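# A look at the structure
Single-letter residue listing:
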Amino acid sequence: MQAVPLELLINGLTVAAGAALLVERFTEILKHVKERANKFFLERDAEAARLAALKTAQQQAAAIQQHLQAGHAPDVAVLKAAAASAESSAAGTDNDTASFEQHTAISVVPIPAISTESAALNLFMRLAPLGLGIILAGIFDLHLLAMFTGQTVTDIPTLWGQGNWHAIMLQSLDTLLSGLLIGGGSQPVHVLLLFLTTRRLTDSEKQALQQVVDPGEEAHCQPVPQAPEVAAATNDDRGGSLLAGPDIHYAGGVNPQSLEQVHRRSGDPEQIVVHHTAMNSALGFNAIVDEFIGQKKWLTGYHCVIMPDGSIRPFCRWDRMGNHAKGHNDRTLGIAFHGNFHNQEHDRFANSDGRYGALKPTAAQLDAGARVIALWLNLYPQMSDVLTQAVVPHRALAGADTVCPGNQFPFAELLSRTDAYCSAWQTSATAQAGLQAFRQKPYIYALSTTSAGGQHGQL
């Protein structure tokens, strides 16, 4: 059995989770249909029972009338029972002559036993989600057993042409079992996802993840190999800095057109909020996108994600509100460092045992994040000149009930690196030209302006 990349498992289970959500929505619709159908069946059977009782009373009255007409002596007990039955059946139909002291008798109709239709509907309710799950597994070509065991899946027509009936039966059984898992709803799939993303990765799994090519990746930005320090920012003959400039690739993030008519800001950003993703740092960028768009069903998330290798991954359009800080999304930018940097005891989501990867961001990660923050400070001059007010951790926001970005995140070091870039860029003609070019890009300003109207002040 060969090792299966964790990213492949996560992607497969994410598809299964989406299909399971469809099954749950279908089940909710069926529940409403079942309630209406059961109500209809109950009312129909109750009315049928009432009519049957009325017919019986009428037949008894007719029989007694014939008995009397034949000259037989009246049976007092039978007459009283027939009269009572007739009055009970006819109750509520003609009460105009009743005095106000008299009360109409209440017809009591026993609840009938479960009808054949109700039993069939209940059976359909049990089997329909499973059937839909199997159908969806076939449509999405899901073979979860083969995926977990690392086996190769060949399409059925090819196997049919080869006459490989054994492989056809195994793959059909795999699809059947995958469909049954989906038919059980999203909870079982989420349990598997939680297990895979929170357990400690083996060395082989980490190496396998490093070999996975992320198809959603934008241009890869090379991290600066050495951490910038203010004292190390030496200048060249033209007054420029040896620190990297604002050469960050940005084209609107992930699917920018989806936010064209929504998530509009009331104005340009005024503050930068620092996060950690709180996920396993070995997972790729697509897993972060799936967390927001696939599982949470949101349109977007952070404005930028910094990966452990220092790559910069724009996510949400910068001219639109992200989904990163409840109650503060309108005028803020959210930058997230991939990983979990919290190790508080008795917190089941903490990284005290290293199951989410490294407990602190890498030097390349901090350096790349500082570059992005310095770029934002220069693009949006309305941000405070006081660095500790312009850039804040998520937990510092009013009403934020979170430890984000974790008690092990080196926030002071991040600010120091950011200050180094801002200071270096102010004296570099090359950096200033790069900043001015960046201001002309689309998806930067909320009001579609082409200039920031100046540059960020001295930090």
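For the structure itself, look to the data block above.
For the structure given in this document, a descriptive report is provided here. The shown structure was predicted, so the numbers you read here are calculated from the model rather than taken from an experiment. (Residues numbered from 1 in each chain as written. Predicted model: local features only at pLDDT ≥ 70, side-chain atom pairs only at ≥ 80, totals over all residues. Heavy atoms only, no water.)

## A closer look at unusual backbone geometry
What counts, and what does not: Secondary structure elements are defined from DSSP: runs of H or I of at least 4 residues count as helices, runs of E of at least 2 residues count as strands, and each element is numbered from the N terminus.
The omega torsion of the bond from cysteine 404 to proline 405 falls at 5°, within 30 degrees of zero and hence cis. With respect to the helices, strands and loops of the structure, proline 405 is situated in the loop between strand 5 (391–393) and helix 12 (411–426). The phi dihedral of histidine 263 is positive, around 60°, even though this residue is not glycine. Along the polypeptide, histidine 263 turns up in the loop between helix 8 (203–211) and strand 1 (271–276). With phi around 60°, alanine 278 is a residue other than glycine that occupies positive phi space.

## Digging into the nonpolar core
For clarity, the threshold we go by: Grouping buried Ala, Val, Leu, Ile, Met, Phe, Trp, Tyr and Cys residues that are joined through side-chain atoms within 4.5 Å yields what is termed a nonpolar core. Only protein chains enter the area calculation, which uses a 1.4 Å probe; residues under 20% of their type maximum are buried, those over 50% are exposed, and those in between are partly exposed. Contacts are assigned to residue pairs with any non-hydrogen atoms lying within 4.5 Å of each other.
Residues Trp318, Trp376 and Val391 are the most contacted members of the largest nonpolar core, which totals 41 residues. Secondary-structure elements contributing two or more residues to this core are strand 1, strand 2 (304–306), strand 4 (332–337), helix 10 (363–379), helix 11 (387–390), helix 12 and helix 13 (429–439). Contact partners of tryptophan 376, with chain neighbours within four places excluded, come to Ile272, His303, Cys304, Trp318, Leu333, Gly334, Ile335 and Met383. Judged by nonpolar contacts, the second largest core, of 28 residues, contains Ala19, Ala20, Leu283 and Phe292.

## Observations concerning helix 9 (residues 285–295)
Buried residues of helix 9: Phe285, Asn286, Ala287, Ile288, Val289 and Phe292, and no others. Lysine 297 sits one or two residues past helix 9 and shows a positive phi near 65°.

## What about the environment of arginine 50?
Put simply, the rule reads: Identification of polar contacts relies on pairs of N or O atoms within 3.5 Å, with a donor-acceptor requirement for protein atoms, meaning one able to donate a hydrogen and the other able to accept it, and with residues adjacent in sequence counted only if both atoms are side-chain atoms.
Among the structural elements, arginine 50 can be located in helix 1 (residues 6–69). Given the relative accessible area of 33%, arginine 50 is considered partly exposed. Of the polar contacts made by the side chain of arginine 50, one reaches the side chain of glutamate 47; its length is 3.2 Å.

## Let's talk about the side chain of arginine 439
Spelled out, the test is: Only four residue types enter the charge count: Lys and Arg as positive, Asp and Glu as negative, with His and the chain ends excluded. We count a salt bridge whenever a side-chain nitrogen from Lys or Arg sits within 4 Å of a carboxyl oxygen from Asp or Glu.
Tracing the sequence through the fold places arginine 439 in helix 13. The side chain of arginine 439 is buried and forms no salt bridge, while aspartate 268, the nearest opposite charge, is found at 10 Å. Among the polar contacts made by the side chain of arginine 439, one reaches the side chain of glutamine 436 at a distance of 3.0 Å.

## With respect to the sheet that holds strand 1
Going by this rule: DSSP bridges decide pairing: two strands pair if at least two such bridges lie between them. Interaxial angles span 0 to 180 degrees and are taken between N-to-C directions of axes, which are lines fitted to C-alpha atoms, for helices over the stretch in contact.
Overall, mixed pairing links the 5 strands, which are arranged 3-2-4-1-5 in an open sheet. Because the sheet does not close on itself, it has two edges, and the strands there are strand 3 (312–314) and strand 5. Along the sheet, successive strands turn relative to each other by an average axial angle of 25°, direction set aside. With 3 bridges connecting them, strand 1 and strand 5 associate as parallel partners. Looking at the pairing, valine 273 lines up with valine 392 of strand 5. The strands that helix 10 touches are strand 1, strand 2, strand 3, strand 4 and strand 5; relative to strand 4, the one it contacts most, it runs at about 170°.

## As for the pattern of salt bridges
As enumerated under the stated definition, the model contains 10 salt bridges in all. One salt bridge connects aspartate 353 with arginine 355, and the closest N-O pair in it is separated by 3.8 Å. For aspartate 353, a relative accessible area of 39% gives the class partly exposed. A cluster of three or more residues bridged by salt bridges with shared partners is formed by Glu260, Arg317, Asp319 and Arg320.

## Regarding the packing of helix 10 against helix 13
So the rule is basically this: Here roughly perpendicular refers to angles of 65 to 115 degrees, roughly parallel to angles under 35, roughly antiparallel to angles over 145, and oblique to all remaining angles. By the definition used in this description, the sense in which the near helix is turned from the far one sets the handedness, with an anticlockwise turn below a right angle giving left-handed and a clockwise turn giving right-handed. When residues are grouped by polarity, Ala, Val, Leu, Ile, Met, Phe, Trp, Tyr, Cys and Pro land in nonpolar, Asp, Glu, Lys and Arg in charged, and all others, Gly among them, in polar.
One can describe the packing of helix 10 onto helix 13 by two numbers: an axis separation of 10 Å at closest approach and a directional angle of 70°. Classified by the angle between their axes, helix 10 and helix 13 sit roughly perpendicular to one another. Of the two elements, helix 10 crosses helix 13, and the hand of that crossing is right-handed. Residues Leu375, Asn378 and Leu379 of helix 10 lie in contact with helix 13, whose contacting residues are Leu435, Phe438 and Arg439. Broken down by class, the residue content of the contact of helix 10 with helix 13 amounts to 4 nonpolar, 1 polar and 1 charged.

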